[in-house]
Amino acid sequence: MSIDSLRQELEKFYYLNNREPNAAEKKRIQQNHRVLAPEANRIFNDVLTKYNAQKLRWQTNRNIWQNYFISLKNIINPQTRSFDIQQLSELENTLEATGLTPEEFNWIQEKVILSLQKVGPTPPPPWLRRWQIILYILLGFLLALLLPHLMTNKDKLINFILPPVPVVITDFCPTTTLLSCGEKANFVNFPKNQPSLPEEVDGRTAFSNTKYEEAVKSLKIAWQKEGDPSILIALSNAQVLLDIQERRISKDRVFTLVAQIPYGDSTTNQMPNWIPQNFLMGVAWKQQEFNQKNPSNFKLMVLMADDKNDRNQAQTVANEIVNTKNILGVIGPYSSSIATYITGIFSKGKLVLVSPSSTTPELIFDPNQVPNREFLFRIVSRLDKKATQDLANYLVNIKGFKKFIIFTTTGESFGVQYTEDFKKQLGLLNITDITEYLLAEQTQSTIDTFKRQYDPQTTAFLISPHAHTDNKENLRKIDLINYNQGFFFMGGSNTVFTPDVYNGKVDPNYIEDKLVVTVPIFPTPAQLEKWQEFLTSTEVSQNVITQSTEELAWINILAFDSTQVFIEAITRLLEEKKPVTRAGIHTMLKSNFKTEGLTGAIAFDEKGDRVEAFNSLIRPDCSSGTCKWVEVPY
């Protein structure tokens, strides 16, 4: 069996290569068939003699042999490697005329059949194939053992094989002093007027020096200790740049937004700390959640900008944002008065603003300053859709008040618009006995006079401050509550709200069952549960969880949903294979846009205002000794 197979392989070698095998080839062929050397040499000589005789005949009758070869090639079936019997018989009848012997004719047939076979490496002998199978099994077993370790450390393996991608921080984080990715020390920091943690300092320094891995480690510890949203945004941004550096995501799949907050000068009391902190926390919350759950499709960078709730500063910041080309949208501003003076700038730059807190209906405080609202979208409901209507109905129809003393403000303020809308709602309820008084001018003597002139059973106060554009505004509303001493029932706009219920600045007896405030939304149990899940997942300290949950404010939730709007718009542009640009986002939001947020379905009308109207009435509950806000059913 081995001798026959050796002979067949030798003949095949001669037919296909038209030469004698060299010494190495002879040795390989002999070993493949396990034939002893003497017998193998005899077969080599026999086949060589036959080959040489055929070669001589081939050279003598080259044309005749070649014609038969071509003829046989034309009548063979390549799939079955068999000849057409009738045509083969006809060819055999011509042999005598050409002088070709039957043996030579058979050899030409073998040559044709061999020509159909693919020329490839000689298969290994059976004993070698068995060892190959064993080797493959061992390699598969070894790979199965190593695979979990390789998957766990795949990023390190990739970085070991491939060099890190160079990431220039200025490609994402502008050098201007007006914007920050979190790499700038003391740009925005909570709580105000307190020194930064050492881990925060180390993290921001590493970030600014493009040492992103070190930055992530330090900033994570700082966030867990302090719960500062500016640190969380810095942490998320550093993680994105680290992901680019380590090839987990490409630069063109990173998109940048700005959170424009009213942080203000840390040496003044112009803006209550909870407003910018909760505003920024909502954005940080959504950015961190999205980037963690969306590892490869795209990621979000968030820059921070401080407009100080000041007109001139806001316009300067707006121009800087518009001129920073990689910014695709802005979450903000906080106040309606600021929105009035910057929407035109953003419209020229075709940059969308999604505001979580601008509630004034038409944003017109000055007839000579009519804003271009084309690029402004609002997550929060307008005042005239729900807030003033609910408060007026509650005070008149449920509490039974017939007269109102309104403490308001002047100038370009939220308070002026709230007062006008509230008076309009009172008119619809046939209430005409309304007295207006400037909040800035009220004194203890003023309130004492009202106590003598008005019956607290039929008369109520309305406190309508502006949106923290005056350093003394917070003190004035506290003074009014203390001057009143719970004598008159009080209603208030959302600028009367503070998460800590005035933190000991007023006697609980002055406000319990004596104050109702409108806020855009009051956290539901489902929203609080989601908030606690977020804090727990980021491993923040229990003290931070407790305090943050107690002081969760409406602006946190609405800033979260404002960020969600941009994420949904970018997602749809990518799904539709459209370029993600400023104009693309604007077109998407104007085209029957809908998404789902913490506050439910989000959709905009033709003016960019939210379609769904919502509002909550809340009151202080001090029955447990510590005051907290609770929702008022109505």
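So, here is what we can say about the structure in this document. (Residues numbered from 1 in each chain as written. Predicted model: local features only at pLDDT ≥ 70, side-chain atom pairs only at ≥ 80, totals over all residues. Heavy atoms only, no water.)

1. Points about the packing of helix α23 (residues 554–575) against helix α24 (residues 582–590)
Two numbers describe how α23 lies on α24: the axes approach to 9 Å, and their chain directions differ by 100 degrees. Classified by the angle between their axes, α23 and α24 sit roughly perpendicular to one another. In this structure, α23 contributes V565, F566, A569, I570, R572 and L573 to the contact, and α24 contributes G584, I585, M588 and L589. (Axes fitted to C-alpha atoms, helices over the stretch in contact; angles between N-to-C directions. Helix = DSSP H or I, 4+ residues; strand = E, 2+ residues; numbered from the N terminus. Parallel < 35°, antiparallel > 145°, perpendicular 65-115°, else oblique. Contact = heavy atoms within 4.5 Å.)

2. A look at the sheet that holds strand β5 (residues 299–306)
A sheet is described by the order of its strands in space; here six strands give the open sequence β3-β5-β4-β6-β7-β8, paired in mixed fashion. At either end of the open sheet lies a strand with only one pairing partner, and these are β3 (179–180) and β8 (376–378). Here eight bridges tie strand β4 (residues 254–261) to β5, and the two strands are oriented parallel to one another. What sits directly across from I261, in β5, is D306. Those strands touched by helix α12 (residues 229–245) are β4 and β5, and its axis lies near 140 degrees from that of β5. (Pairing = 2+ DSSP bridges.)

3. Focus: the nonpolar core
F207, I321 and Y502 are the most contacted members of the largest nonpolar core, which has 157 residues in total. Residue contacts for F207: discarding those within four places in its chain leaves I169, C173, C181, G182, E183, Y212, A215, L219, A234, N237, A238 and L241. Counting 14 residues, the second largest nonpolar core, distinct from the first, contains Y68, L72, I76 and W107. (Core = buried A, V, L, I, M, F, W, Y, C linked by side-chain atoms within 4.5 Å. Buried < 20%, exposed > 50% of the residue type's maximum accessible area, 1.4 Å probe, protein only.)

4. Focus: the packing of aromatic side chains
Tallied over the full model, the rule gives 24 aromatic pairs. Residues W274 and F497 carry aromatic rings whose centres are separated by 5.3 Å and whose planes lie at 85 degrees to one another, so their mutual orientation is edge-to-face. Here W274 is found in helix α13 (residues 274–293), whereas its partner F497 is found in the loop between β12 (489–492) and α20 (508–511), with 223 residues between them in sequence. Accessibility classification places W274 together with F497 in one group, the buried group. Seen in terms of ring centroids, F290 and F298 are 4.9 Å apart; in terms of plane orientation they differ by 45 degrees. Their pairing is tilted. Judged by relative accessible area, which is 0%, F298 ranks as buried. Members of the aromatic cluster, each reached through a chain of ring pairs, are F407, Y437, F450, Y454, F461, F487 and F488. (Phe/Tyr/Trp six-rings, centres within 6.5 Å; stacked < 30°, edge-to-face > 60°.)

5. Details of the sheet that holds strand β16 (residues 616–621)
The pairing of strands in a sheet comes from backbone hydrogen bonds and takes either a parallel or an antiparallel form. Taken in spatial order, the seven strands of this open sheet run β10-β9-β11-β12-β13-β16-β17, and their pairing is mixed. Pairing within the sheet leaves two strands with one partner each, and these edge strands are β10 (433–438) and β17 (628–631). This sheet shows a mean twist of 25 degrees between the axes of neighbouring strands, independent of strand direction. Looking at chain direction, strand β11 (residues 459–463) and β12 are connected through four bridges and run parallel. By the bridge assignment for β12, I463 is matched with G492.

6. A short note on unusual backbone geometry
Residue P333 is bonded to the preceding G332 through a cis peptide linkage, with omega at 0 degrees. Even without a glycine there, the phi angle at Y502 is positive, about 75 degrees. Mapped onto the secondary structure, Y502 falls in the loop between β12 and α20. Phi is positive for K577, which is not a glycine, with a value near 55 degrees. The residue K577 is located in the loop between α23 and α24 in this model.

7. Describing a nonpolar patch on the surface
Together, F141, L142, L145 and L146 line one region of the surface with nonpolar side chains, adding up to about 420 Å² of accessible area. Judged by its relative accessible area of 56%, F141 falls in the exposed class. (Patch = residues over 30% accessible without salt bridge, like charges linked within 9 Å, V, L, I, M, F, W, Y side chains within 5 Å. Areas by Shrake-Rupley, 256 points an atom, 1.4 Å probe, with all protein chains shown as cover. Salt bridge = Lys/Arg side-chain N within 4 Å of Asp/Glu carboxyl O.)

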